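Below, each chain spelled out in residue letters.
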Amino acid sequence: MKITLANAEAALDEVQRDADKLHSRELRKAIADYIEMQREALRALRKKLH
């Protein structure tokens, strides 16, 4: 499960890098908000597993 969580975090990083290249400020903001929400969910899941 730890490998899967690490892969999820890496995927979020990749999405963030791709989103940073977008021209639309609103879209970048929406994606950044969504990524942060997913990171919080990953942190909560890590706490439950430990």
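Computed from a predicted model, the values in this text were never measured in an experiment. (Residues numbered from 1 in each chain as written. Predicted model: local features only at pLDDT ≥ 70, side-chain atom pairs only at ≥ 80, totals over all residues. Heavy atoms only, no water.)

A few words on the overall build of the protein chain. Per the secondary structure count, the protein chain includes two helices and zero strands. Only carbon and sulfur atoms are counted for the fraction: they give 58% of the accessible area of the protein chain, which is about 4200 Å². With 11 positive and 9 negative side-chain charges, the protein chain shows a spacing of 5 Å between the two charge centroids. (Helix = DSSP H or I, 4+ residues; strand = E, 2+ residues; numbered from the N terminus. Areas by Shrake-Rupley, 256 points an atom, 1.4 Å probe, with all protein chains shown as cover. Lys, Arg positive; Asp, Glu negative; His and termini not counted. Charge placed at Lys NZ, Arg CZ, Asp CG, Glu CD.)

Below, the discussion takes up the pattern of salt bridges. Should the charged atoms of two oppositely charged side chains come close, the side chains can pair. Summed over the entire model, instances satisfying the criterion amount to four salt bridges. The salt bridge involving Arg 39 is made with Asp 13; its shortest N-O contact spans 2.8 Å. In this pair, Arg 39 is assigned in helix H2 (residues 25-49) and Asp 13 in helix H1 (residues 2-19), connecting sequence segments 26 residues apart. Given the relative accessible area of 33%, Asp 13 is considered partly exposed. Measuring nitrogen to oxygen at the nearest pair gives 2.9 Å for the salt bridge that ties Asp 33 to Lys 29. With Asp 33 and Lys 29 both in helix H2 and four residues apart, this pair spans about one turn of that helix. (Salt bridge = Lys/Arg side-chain N within 4 Å of Asp/Glu carboxyl O. Buried < 20%, exposed > 50% of the residue type's maximum accessible area, 1.4 Å probe, protein only.)

Relative to the helices and strands, Leu 42 resides in helix H2. Judged by relative accessible area, Leu 42 falls into the buried class, the value being 11%. C-alpha separation for the pair Leu 42 and Arg 25, spaced 17 residues apart in sequence, amounts to 26 Å. Aside from chain neighbours lying at most four places away, what touches Leu 42 is Leu 5, Ala 8, Glu 9 and Leu 12. (Contact = heavy atoms within 4.5 Å.)

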